[in-house]
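Below are the chains, spelled out letter by letter.
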Amino acid sequence: DIQMTQSPSSLSASVGDRVTITCRASQTISDSLNWYQHKPGQAPNLLIFAASNMEGRVPSRFSGSGYGTDFTLTISSLQPEDFATYYCQQGYSVPPTFGQGTKVEIK
Amino acid sequence: EVQVVESGGGLVQPGGSLRLSCVVSGFTYDDYALHWVRHSPGKGLEWVSGISWNSDYIGHADSVKGRFTTSRDNAKNSLYLQLTSLTSEDTALYYCAVVSGVDGLEGAFDYWGQGTLVTVSS
């Protein structure tokens, strides 16, 4: 199985801050990396697919990059509605595996 | 508009069984894989199982292999998860998730339901 390692596991940030979350795969996965936002009481929401492609209604402050084993999710200017847990997930092979999550909290 | 609705969760004793269902609507064709992903208290997201559009490919996580069975009925736009030999480790919110436009199981989970809660406790 491909192991996905996210960092940091949590962070505190203020509205307007630039936030970067990294995800590393235990083996190369091409660009088959997806990012999700998960808020308590809600279903996870796909933000970025295939490493850098934004899902339809995702705000442009979210962006993704990377290829192979190292990937990044960036929020250019953190908004109040962005406080949530973010997960990466590899869609390269079965079983699909998730990172452990990064909880973004209000400073 | 795609909608995903799970049902069937509840309280069950250790060693017991349960059957979860998921109904998907809003797709014109059946070319989508269906998966179960669970979220346990204090833990992250964990893939449980997946099934391809024509049921040719079915996979289960090692943690549930031999205890859980996944099936789908395209005529009813439905996905099922039969859970047996349940333990407290299976307590979680179980989400149904869709990977659209694929032949196999791999891809991004485009659509998710709100989840159905399974609690295993005596």
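Up top is the structure these notes are about.
Anyway, here's the lowdown on the structure attached to this text. (Residues numbered from 1 in each chain as written. Chains lettered and ligands numbered in written order. Predicted model: local features only at pLDDT ≥ 70, side-chain atom pairs only at ≥ 80, totals over all residues. Heavy atoms only, no water.)

Moving on: the interface of chain A and chain B. Between chain A and chain B, the residue contacts involve 19 residues of the former and 17 residues of the latter. Summing both partners gives a buried area of about 1,500 Å² for chain A against chain B, and 67% of it is carried by carbon and sulfur. When the buried area of chain A at its contact with chain B is split by residue, Pro44, Val94 and Phe98 of chain A rank highest and sum to 33% of it. Where chain A touches chain B, the interface holds zero salt bridges. Put simply, chain A and chain B have five residue pairs in polar contact (both at pLDDT 80 or more) between them. Where the side of chain A that touches chain B is concerned, the elements lending two or more residues are strand S4 (33–38), strand S5 (45–49) and strand S9 (85–90) of chain A. Examining the composition of the side of chain A that touches chain B, we find that three residues originate from one element, S4 of chain A, more than from any other. For the side of chain A that touches chain B, the per-class residue count stands at 11 nonpolar, eight polar and no charged. (Contact = heavy atoms within 4.5 Å. Buried area = accessible area lost by both parts, 1.4 Å probe. Salt bridge = Lys/Arg side-chain N within 4 Å of Asp/Glu carboxyl O. Polar contact = N/O pair within 3.5 Å; in protein donor to acceptor, adjacent residues only side chain to side chain. Helix = DSSP H or I, 4+ residues; strand = E, 2+ residues; numbered from the N terminus. Nonpolar A, V, L, I, M, F, W, Y, C, P; charged D, E, K, R; others polar.)

All names here are of chain B. In this structure the tally under the stated criterion is nine salt bridges over all chains. Lys43 serves as the salt-bridge partner of Glu89, at 3.6 Å between the closest nitrogen and oxygen. Residue Glu89 is found in the loop between strand S8 (78–83) and strand S9 (92–100), and its partner Lys43 is found in the loop between strand S4 (32–39) and strand S5 (45–51); the two are separated by 46 residues along the sequence. For Glu89, a relative accessible area of 52% translates into the label exposed. The class for Lys43 is partly exposed, based on a relative accessible area of 48%. In this structure, Lys65 and Asp62 form a salt bridge, with 3.1 Å as the shortest nitrogen-oxygen distance. For the pair formed by Lys65 and Asp62, the shared burial category is exposed. Members of the salt-bridge network, linked through shared partners, are Arg38, Glu46, Arg67 and Asp90. (Buried < 20%, exposed > 50% of the residue type's maximum accessible area, 1.4 Å probe, protein only.)

Looking now at the packing of aromatic side chains. As enumerated under the stated definition, the model contains nine aromatic pairs over all chains in all. Taking 6.1 Å as the distance between ring centres and 55 degrees as the angle between the ring planes, the aromatic pair formed by Tyr36 of chain A and Phe98 of chain A counts as tilted. Of this pair, Tyr36 of chain A sits in strand S4 while Phe98 of chain A sits in strand S10 (residues 97–98); the two residues are 62 residues apart in sequence, bridging distant segments of the chain. For Tyr36 of chain A, a relative accessible area of 0% gives the class buried. Between Tyr36 of chain A and Phe109 of chain B, the ring centres sit 6.3 Å apart and the planes meet at 40 degrees, which makes this aromatic pair tilted. (Phe/Tyr/Trp six-rings, centres within 6.5 Å; stacked < 30°, edge-to-face > 60°.)

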